[in-house]
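Spelled out from the first residue to the last, the chains are:
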Amino acid sequence: MNLNEARLHAQELDAQDALSSLRSHFDIPEGTLYFDGNSLGPLSFRSREVLNRTIEFEWRERLIRSWNEDWLEMPARVGNLIAPIIGAAPDTVICADNTSINLHKALMAAVALRADRSEIVVDINNFPTDIYIAQSVASQHGMKLVAVTADEIIGAINANTAVVTAKVLDVDFAVGCGYKYLNGGPGAPAFIYVAPRLLETAGQPLQGWWGHAEPFEFEVDYRPAVGIARFLTGTANVLSMKSLEAALEVFSGVSLEKLREKSVSLTSFFIDLFDDHLAPRGFTLASPRTPESRGSHVALGFAGGKELVAAMAAEGIIADSRPPDLMRFGFAPLYNTHQEVVSLVERLSSY
Ligand SMILES: *Cc1c(COP(=O)(O)O)cnc(C)c1O
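Here the structure is a predicted model, which means the values were calculated and not measured.

Help me understand the overall build of the protein chain, please; the structure alone is not making it clear to me.
Secondary structure assignment for the protein chain yields 11 helices and 12 strands. Relative to the globule expectation of 20 Å for 351 residues, the C-alpha radius of gyration of the protein chain, 22 Å, shows essentially globular dimensions. If you line up the protein chain on its principal axes, its C-alpha atoms span 70 × 55 × 35 Å. Counting across all 351 residues of the protein chain, residues that qualify as buried make up 47%. In the protein chain, of all internal contacts separated by at least 6 residues, the share reaching a separation of at least 24 is 72%. Taken as a whole, the protein chain presents about 17300 Å² of accessible surface, with 56% of it coming from carbon and sulfur.

Dropping the structure here:
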């Protein structure tokens with residue numbers, strides 16, 4: 001497909017896109033092509049509006065009364081907005097802390113449930129913080145950390161395995177990030193999920209007053225709250241949680257199947273155009289070709305990729321790079337279009 005044909009095809013795909021109206025929720029600067037929502041989601045109009053109201057009304061006017069009027073309930077409320085997005089039941093997800101800290105809580109809880117076992121298995125290609133956290137949990141418990149590729153995980157599990165971190169479903173614990181595809185804003189809090197079967201037995205290492213059964217009784221001894229609330233530790237980051245809560249409104253009524261379908265359509269379209277226009281110019285595909293093994297971003301290898309990403313950013317085409325020479329492009333189904341994919345390929349093929 002030449003680029004003119006690709007553009008016509010993209011126009012058709014965008015015209016048929018059932019999610020096309022969702023882009024209007026986001027205030028993406030005119031002229032910017034944004035392919036980095038996998039690192040920082042863009043500002044939504046609702047986040048700006050809610051943050052302004054929180055500052056002017058809830059904080060300035062209502063002052064400390066806002067805790068009882070609204071803020072105390074936020075971690076559970078926002079958790080329940082995230083639950084359907086990750087396919088979890090109500091009251092099994094809570095919003096708190098960041099992903100690294102939630103992973104630490106989950107790993108410590110999981111290890112405590114299998115105290116007779118001595119090994120932690122992790123995917124060596126996990127985001128580095130995930131491995132650092134696992135290293136710290138393993139060293140605190142005198143356990144062995146087994147870091148292997150995703151394909152090797154099944155083979156690495158044995159009678160000594162206490163916990164496995166991997167990207168799968170029907171898990172005991174899960175953690176995730178609020179500032180990437182959920183668009184909560186820079187440093188927005190993360191979330192933690194605990195399977196219903198473990199909610200009353202799993203404990204967590206960072207016992208704090210927000211996870212206490214009666215936080216305002218100021219008891220001397222810690223007693224865990226009933227349910228997912230025990231996975232809280234301290235005071236919620238109200239402003240960034242407000243921003244996240246507002247951004248989650250964009251997901252209401254959006255079918256996850258449709259989101260996934262569009263994500264696959266965008267990444268597959270990019271890979272098709274890669275084959276025709278970028279592979280011949282020395283770019284290599286670093287992401288899986290099978291959609292089932294892919295998330296919503298595609299990485300390309302290219303000598304000088306870092307410099308090319310920087311040059312494109314100066315022109316308002318935003319992606320990111322990873323050493324040694326990977327270029328990463330996020331295609332977010334809430335706001336990216338097929339026509340933007342064509343523009344990206346056009347720019348890359350004219351480097
Ligand atoms: C983004 C991301 C993180 C980031 O952790 P923070 O504590 O929010 O900095 C961790 N793990 C994974 C898998 C991620 O994608």
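Can you help me understand the site of the ligand in this one?
Around the ligand, the neighbouring residues are N98, T99, S100, F127, T129, D130, Y179 and K180. In the environment of the ligand, a nitrogen atom lies 2.8 Å from a nitrogen or oxygen atom belonging to the side chain of D130. Burial of the ligand by the protein amounts to 74% of the accessible area it has alone, namely 390 Å². Elements with a minimum of two residues in the shell around the ligand: α5 (99-113) and α6 (128-141). Here the shell around the ligand is composed, by residue class, of 2 nonpolar, 4 polar and 2 charged.

Any chance you could explain the pattern of salt bridges here in plain terms?
Side-chain pairing between opposite charges can occur once the charged atoms of the two side chains come close. Taken as a whole, this structure holds 21 salt bridges when the rule is applied. Linking D70 and R77 is a salt bridge whose minimum nitrogen-to-oxygen distance equals 3.1 Å. With relative accessibility at 19%, the residue D70 sits in the buried group. Taking the relative accessible area as the measure of exposure, R77 reaches 29% and is therefore partly exposed. Residues R328 and D320 are paired through a salt bridge, measuring 2.9 Å at the closest nitrogen-oxygen approach. Both residues of the pair, R328 and D320, belong to the buried class. When salt bridges that share partners are traced, they join R53, E58, D70, R77, K242 and E245 into one network.

What is the right way to read the environment of E307 from this model?
Relative to the helices and strands, E307 resides in helix α10 (residues 305-314). It is 32 Å that separates the C-alpha atoms of E307 and P189, two residues lying 118 residues apart in sequence.

Would you mind showing me how to read the sheet that holds strand β7 (residues 190-194) here?
Strand pairing in a sheet is mediated by backbone hydrogen bonds. Such pairs are either parallel or antiparallel. Taken in spatial order, the 3 strands make up an open sheet running β2-β7-β6, and their pairing is antiparallel. A single partner strand is all that each edge strand has here, and the edge strands are β2 (93-96) and β6 (173-176). This sheet shows a mean twist of 20° between the axes of neighbouring strands, independent of strand direction. Strand direction decides the pairing type here: β6 and β7, joined by 4 bridges, are antiparallel. Bridge assignment links F173 to a residue of β7, and that residue is V194. Where helix α4 (residues 74-82) meets the sheet, it contacts β2 and β7, and its direction lies at approximately 120° from that of β2. The strands that α5 touches are β2, β6 and β7; relative to β6, the one it contacts most, it runs at about 170°.

Hey, could you run me through the packing of aromatic side chains in this one?
Two measures describe an aromatic ring pair: the distance that separates the ring centres and the angle between the ring planes. Taken as a whole, this structure holds 13 aromatic pairs when the rule is applied. Between W209 and W210, the aromatic rings sit 6.3 Å apart at their centres with planes inclined by 85°, giving edge-to-face as the arrangement. Taking the relative accessible area as the measure of exposure, W209 reaches 38% and is therefore partly exposed. A centroid spacing of 5.9 Å and a plane angle of 80° characterise the contact between F283 and Y351, whose relative ring orientation is edge-to-face. Here F283 is found in the loop between α9 (256-278) and β8 (284-285), whereas its partner Y351 is found in the segment after α11 (338-348), with 68 residues between them in sequence. Since its relative accessible area comes to 2%, F283 is described here as buried.

Cut-off values and rules
- Residues numbered from 1 in each chain as written.
- Predicted model: local features only at pLDDT ≥ 70, side-chain atom pairs only at ≥ 80, totals over all residues.
- Heavy atoms only, no water.
- Helix = DSSP H or I, 4+ residues; strand = E, 2+ residues; numbered from the N terminus.
- Rg over C-alpha atoms; globule rule 2.2 N^0.38 Å.
- Buried < 20%, exposed > 50% of the residue type's maximum accessible area, 1.4 Å probe, protein only.
- Contact = heavy atoms within 4.5 Å.
- Areas by Shrake-Rupley, 256 points an atom, 1.4 Å probe, with all protein chains shown as cover.
- Near = heavy atom within 4 Å.
- Polar contact = N/O pair within 3.5 Å; in protein donor to acceptor, adjacent residues only side chain to side chain.
- Nonpolar A, V, L, I, M, F, W, Y, C, P; charged D, E, K, R; others polar.
- Salt bridge = Lys/Arg side-chain N within 4 Å of Asp/Glu carboxyl O.
- Pairing = 2+ DSSP bridges.
- Axes fitted to C-alpha atoms, helices over the stretch in contact; angles between N-to-C directions.
- Phe/Tyr/Trp six-rings, centres within 6.5 Å; stacked < 30°, edge-to-face > 60°.

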